[in-house]
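Residue-level listing of the chains:
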Amino acid sequence: MVCKLSTRLMNICVASFCKVQQLEKAEAVIVDAIRLGTLPDVVTYNTLVAAYCRFVDLDAGYSVLHRMREADIYPNVVTYNSLIAGASNHCLLSRCLDLFDEGIRPDVWSYNTLMHCFFRLGKPEEANKVFQDIVTSKLSPCSTTFNTMLNGLCKNGYTANALMLFRSLQRHGFIPQLLTYNILIDGLCKSGWLRAARTILKELGKSGLSPNASTYTTVMKYCFRARQFEEGIEVFHEMKDKGYTYDAFAYCTVNSAFAKTGRLEEVYDLLYEIEEAGLKCDQYTHTTLIDGLCRAGNIDGALKHLKYMDTLGFDSNLVAYNCMVDRLCKAGYTNNALKIFETMEVKDCITYTSLVHNLCKERRFLHASKLLQACLNRGMKVRRPTQRVVVKGLHRSGLYSEARMLQSKI
DNA sequence: ATAGGGTTAG
């Protein structure tokens, strides 16, 4: 009894660490447990297989499978489903299919995952075959089967079929989940079927379910895309009134819309609100803000925000820097842009392309040529038009030997 | 397991 309890406790610990992507700590729990006489069971290993497939890769999942076999613990359908999901997430279709032939009888989850894999690879016919197989076989489809099918149809451009399937399912007694509604609303909006989307939204309201942050974010997205900003912001307020005030995803959507339309005061307010609530914006949001500030002519504000962004500990702020460099040039501060460029540890072909073009505009062809060569030396690709601008400029300025040198590197 | 947002050069 004591032993069983401790295995369960160990599994809960392992699962908790896996959930937050701390796989070393999960492994350490197992090591400690073994030392105290508690052995991992099939659940422990299944948790690990799922985590390694998800956060590392399929082979890492397989290596857990081997460890499992060495420990004389037999994998079951859950183990295989995790591997199938791992193969599917990394778009490894043939390995996904291989897993169906390894002696474990697949269940409806296995097929759901396979169907999802086909849809992600843009193979709706194959996905549909799997769906038909599930429906006609002894496996009974679950709501995930239907949700996955509806989502896949929408994402692959079969919105009409999705709507037809949805209605047909309802006639057969299928009760949609909130997720089902969210999938359909997004799919219908994406295809421009706004009236149908509104109908579904109304049905959601009548169903007794309440829209969640995801629903609101979807609706907002399409309002902003259709340039109906006031309507989008109204939706945002409704969302907050309903109590969804802690979803960074939704906030960042609004943030970007503000930044793009020059409503910078409101962005700053919202950013403050987000950070006050202890939420975090990602690189995209900050980059959009920096871009918006530049476009509004507030270069100093953008520089200040870029510095602030540097303190936030993102892996890379490359795009924000690229943006800053380009906007500085366009605002006439090319030398400042070059100074920033020199401080950048990571650069990509966009950094170079941007500077090369801006330098050419200022007829600083020699400088542009040096940068272009540096870029090529680092093995980065530069598009033809960019190369041509520099070579032409050098010729026009009579810098023939430099032109020849550049040509030889191209 | 399946649903939501967003960035730079030419």
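Since we're looking at a predicted model, the values are computed, not measured.

Let's shift gears to the environment of Phe119. Take Phe119: it is sitting in helix α7 (residues 108-120). You can call Phe119 buried: its relative accessible area is 6%. C-alpha of Phe119 to C-alpha of Leu178: the two residues are 59 residues apart in sequence and 21 Å apart in space. In contact with Phe119, not counting residues within four places along its chain, are Pro124, Ala127, Thr148, Met149, Gly152, Leu153 and Asn156.

Lining the immediate surroundings of DNA strand B are 41 residues, of which Trp109, Lys221, Lys260, Tyr284 and Arg383 lie closest. When the atoms of DNA strand B within 4 Å of the protein are sorted by group, sugar and phosphate make up 41%. A distance of 3.3 Å is found between a sugar or linking oxygen of DNA strand B and a side-chain nitrogen or oxygen belonging to Ser214. Take Tyr284: an N or O atom from its side chain is 3.2 Å from a base oxygen of DNA strand B. Those elements that place two or more of their residues in the surface near DNA strand B are α7, α9 (143-155), α11 (178-190), α13 (213-225), α15 (248-260), α17 (283-295), α19 (318-330) and α21 (349-361). Element by element, the count of residues in the surface near DNA strand B is highest for α13, at six residues. Grouping the amino acids of the surface near DNA strand B by side-chain chemistry returns nine nonpolar, 21 polar and eleven charged.

Right, let's talk about the environment of Arg383 for a bit. With respect to the element layout, Arg383 can be found in the loop between α22 (365-377) and α23 (384-396). Between the alpha carbons of Arg383 and Tyr222 there is a distance of 34 Å; along the sequence they are 161 residues apart.

Along its 13 residues, α11 runs 18 Å from first to last C-alpha, staying within 8% of the 18 Å computed at 1.5 Å per residue. Within α11, eleven of the 13 residues are buried, which leaves it mostly tucked inside the rest of the structure. Along α11, the positions that sit buried rather than exposed are Leu178, Thr180, Tyr181, Asn182, Ile183, Leu184, Ile185, Asp186, Gly187, Leu188 and Cys189. On its buried side, α11 packs onto α9, α10 (159-171), α12 (194-206) and α13. Once α11 ends, the next one or two residues include Gly192, with phi positive near 80°.

This paragraph deals with the domain arrangement of chain A. Assigned domains within chain A: domain 1 (1-106) and domain 2 (360-410). Computed from C-alpha atoms alone, the centre-to-centre distance between domain 1 and domain 2 is 54 Å.

This part takes up the side chain of Asp291. Tracing the backbone through its elements, the reader meets Asp291 in helix α17. Overall, Asp291 belongs to the buried group, its relative accessible area being 15%. Residues within four places of Asp291 in sequence aside, it is in contact with Cys323 and Arg327.

Glancing now at a positive patch on the surface. Side chains of Lys155, Lys190, Arg225, Arg227 and Lys260 sit close together on the surface and give a patch of like positive charge. Along the chain, Lys155 falls in helix α9.

Scanning all chains against the criterion turns up one cavity of 30 Å³ or more. Taken as a whole, the largest cavity holds about 30 Å³ of empty space. Together, Val77, Tyr80, Asn81, Ile84, Leu99, Phe100, Ile104, Pro106 and Ser110 line the largest cavity. Broken down by element, the lining of the largest cavity gets its largest block of residues, four residues, from helix α5 (residues 77-89). Residue composition of the lining of the largest cavity, by class: seven nonpolar, two polar and no charged.

Criteria and thresholds
Residues numbered from 1 in each chain as written. Chains lettered and ligands numbered in written order. Predicted model: local features only at pLDDT ≥ 70, side-chain atom pairs only at ≥ 80, totals over all residues. Heavy atoms only, no water. Helix = DSSP H or I, 4+ residues; strand = E, 2+ residues; numbered from the N terminus. Buried < 20%, exposed > 50% of the residue type's maximum accessible area, 1.4 Å probe, protein only. Contact = heavy atoms within 4.5 Å. Near = heavy atom within 4 Å. Polar contact = N/O pair within 3.5 Å; in protein donor to acceptor, adjacent residues only side chain to side chain. Nonpolar A, V, L, I, M, F, W, Y, C, P; charged D, E, K, R; others polar. Expected span 1.5 Å × (residues − 1). Domains from an automatic or database assignment. Patch = residues over 30% accessible without salt bridge, like charges linked within 9 Å, V, L, I, M, F, W, Y side chains within 5 Å. Areas by Shrake-Rupley, 256 points an atom, 1.4 Å probe, with all protein chains shown as cover. Salt bridge = Lys/Arg side-chain N within 4 Å of Asp/Glu carboxyl O. Lys, Arg positive; Asp, Glu negative; His and termini not counted. Charge placed at Lys NZ, Arg CZ, Asp CG, Glu CD. 1 Å grid on protein atoms, 1.4 Å probe; cavity = no way out; pocket = protein on both sides within 12 Å on 5 of 7 lines; lining within 4 Å. Points joined across faces, edges and corners; volume = space filled by probe spheres on them.

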